[in-house]
Amino acid sequence: MQAVAEKQRTLWFDYEDGSLKVIDQTLLPFQFKVLALNTLADAVDAIVTMKVRGAPLIGITAAFGVYLSLRSDMHSLNTACEQLVKTRPTAVNLRWALERMRCALEPVSEQQRPLHALLLAQHLLDEDVAACSAIGNYGLLLLQDIFQRKQARHGIDTVLNVLTHCNAGWLATGAWGTALAPVYKAQLAGLPVHVWVDETRPRNQGASLTAWELGRSQVPHTLVVDNAGGHLMQHGLVDVCLVGSDRTTSAGDVCNKIGTYLKALAAYDNQIPFYAALPVSTVDFASVDGVREIPIEERAAAEVTHLQGLDQTGVLRQVQVSAPGTAVSNFGFDVTPSRLVSGIITELGVFPATVAGLLRLRELSPVASSGAGH
Ligand code: MRU
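Criteria and cut-off values
Numbering of residues starts from 1 in each chain and follows the order in which that chain's sequence is written. For a predicted model such as this one, the threshold for reporting local features is a pLDDT of at least 70, and the threshold for listing and counting side-chain atom pairs is 80 or more; totals across whole chains, interfaces and linings nevertheless cover every residue. Heavy atoms throughout the structure, all of them, feed into the side-chain values; hydrogens and water do not. In short, DSSP must find at least two bridges between two strands for them to pair. A helix here means a DSSP run of H or I that spans at least four residues, while a strand means a run of E at least two residues long, and both kinds are numbered starting from the N terminus. Relative accessibility thresholds used throughout: buried, under 20% of the residue-type maximum; exposed, over 50%; partly exposed, between the two (1.4 Å probe, protein chains only). The directions from the helix axis to the C-beta atoms are what the arc is built from. Residue contacts are defined here by distance: any two heavy atoms, one from each residue, within 4.5 Å place the two residues in contact. For each domain, the first and last residues come from an automatic or database assignment. The term buried area denotes the loss of accessible surface (1.4 Å probe radius) that occurs when two parts are joined, taken as the sum for both partners. The rule for a salt bridge is simple: a side-chain nitrogen of Lys or Arg has to be within 4 Å of a carboxyl oxygen of Asp or Glu. Here a polar contact is taken to be a pair of N or O atoms separated by no more than 3.5 Å, where protein atoms must pair a possible hydrogen donor with a possible acceptor and residues adjacent in sequence count only if both atoms sit in side chains. Each residue receives one of three labels: charged for Asp, Glu, Lys and Arg, nonpolar for Ala, Val, Leu, Ile, Met, Phe, Trp, Tyr, Cys and Pro, and polar for the others, Gly being one of them. Axis definition: a line fitted to C-alpha atoms, over the contacting stretch in the case of helices. Angles run 0 to 180 degrees between N-to-C directions. For classification purposes, angles smaller than 35 degrees are called roughly parallel, those larger than 145 roughly antiparallel, those between 65 and 115 roughly perpendicular, and all remaining angles oblique. Put simply, a crossing is left-handed when the front helix is turned counterclockwise from the back one by less than a right angle, and right-handed when it is turned clockwise.

Draft legend 1. Just the sheet that holds strand β11 (residues 283–284), in detail. Read across the open sheet, the four strands follow the order β11-β8-β9-β14; overall the sheet is mixed. Two strands bound the open sheet, and with one partner strand each, they are β11 and β14 (333–336).

Draft legend 2. Geometry of helix α13 (residues 355–364). Considered for burial, the residues of α13 that qualify are G357, L358 and L361. Mapping the buried residues of α13 onto a view down its axis gives an arc of 90°, with all of them on the same face. Residues of α13 that are exposed and point more than 90 degrees away from the buried face comprise V355, A356 and E363. The elements touched by buried residues of α13 are β8 (247–249), β11, β15 (343–346) and β16 (349–351).

Draft legend 3. Inspection of the domain arrangement of the protein chain at higher detail. Domain boundaries assigned for the protein chain yield domain 1 (2–124) and domain 2 (137–370). Its C-alpha centre places domain 1 at a distance of 24 Å from the equivalent point of domain 2. For the domain 1 and domain 2 pair, buried surface summed over both sides reaches about 3100 Å², with 60% attributable to carbon and sulfur atoms. Here domain 1 and domain 2 share two salt bridges between them. Put simply, D284 and R95 hold a salt bridge, and the shortest N to O gap is 3.3 Å. Applying the counting rule to domain 1 against domain 2 returns 16 residue pairs in polar contact (both at pLDDT 80 or more). Among the elements of the structure, α1 (4–7), α3 (55–72) and α5 (93–105) are those that each provide at least two residues to the side of domain 1 that touches domain 2. Class assignment of the residues belonging to the side of domain 1 that touches domain 2 gives a composition of 19 nonpolar, eight polar and six charged.

Draft legend 4. How the structure looks around the pairing of strand β12 (residues 306–310). Of the strand pairs in this sheet, β12 and strand β13 (residues 316–320) are connected by five bridges, and their pairing is antiparallel. Looking across to β13, one finds that Q308 is bridged to Q318. Connecting the antiparallel pair β12 and β13 is a turn made up of five residues, with G314 showing a positive phi of about 85°.

Draft legend 5. Looking closely at the packing of α5 against helix α6 (residues 113–154). Closest axis-to-axis distance for the α5/α6 pair is 10 Å, and the angle between their directions is 140°. Taken together, the axes of α5 and α6 lie oblique to each other. Remark: the crossing between α5 and α6 carries right-handed chirality. Of the residues in α6, those in contact with W96, A97, R100, M101, A104 and L105 of α5 are R113, H116, A117, L120, A121, H123, L124 and E127. Residues of the contact of α5 with α6, tallied by class, amount to nine nonpolar, two polar and three charged.

Draft legend 6. Representation of the pattern of salt bridges within the structure. Tallied over the entire structure, the rule returns 17 salt bridges. As a salt-bridge pair, D145 and R149 come within 2.9 Å of each other at their nearest N and O atoms. In this pair, D145 and R149 are both assigned in helix α6, four residues apart and thus about one turn of the helix distant. The exposure class assigned to R149 is partly exposed, which follows from its relative accessible area of 47%. One salt bridge connects R299 with E303, and the closest N-O pair in it is separated by 2.8 Å.

Listed below in structure tokens is the structure:
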């Protein structure tokens, strides 16, 4: 059986019309619309407006953005990279992908660069799909182990309850996802799995994206408000937390969507394993202390003061939920210190969230960023 998470590509290059095709994630779950990106400006806009989002997907889009730029101006390698790297500050995959493009393309003659850029961007996409599939396989082993121990306590009829935050599914990557890859692999392996989906205010990536993609794959799931996790954990309703990451440090601090840290604290207090699933492209080997060193994106106040949804006539609208003029703070991400992280699930295996664990990962990885240019 081929899973939707594997079959459904989030982004693909259309070799017939020469455009990069992406799904407009700002319209989900109500409308499935594929956009054609043809220029550097299109790629920049898609990332800035979050039509594409999720750390690995941003990096891949940027890589194709370099190609879109070079095919209309073969001298534009540096300016394209400079524009693209500024689109979003926290997810390190963006910088990682652009550094890989720049390092590979600089030695190539300018005439040859467009073709090489397209091939490398396609390679980064394929590499991400393979990485996410491998994350799913390693994560599945963990889930099977947790499930077997639960079965030993509760009997044969039990279900494995996973809690996730934001969207780290196939919509956030080339395919499969990171945190959701083990869930999809578990479903394929016949393991009875149920997912608690945090709504993930302010942009509701859990409600609008994670619940939608789990639904398409018929993975049992339940949407909860962001503040429900602690209560669920106290009542034995969560067996494991699985989240993605936008940047993980060489000491194992995990930066992810705002609210992740509070879930980790609640998991720690309730002795529930808390894993982050991420490809090596998400590790910033040049940073150590995530709280001090990772730049946290601050986003528009309107994301907090307003909500988007369908009205009774089926029209997509924004409604205001706070008094006009209310002061707003809108940090997009937070950092979960390594001591709260049970392990890091990667395409090369599961590693302790420690300096030694991340060093081992770096030694094993052919694509780990060197830290150059950081
Ligand atoms: O602001 P977003 O929607 O780009 O944030 C996405 C997340 O926080 C994801 O959890 C993270 O990028 C991991 S995606 C595999």
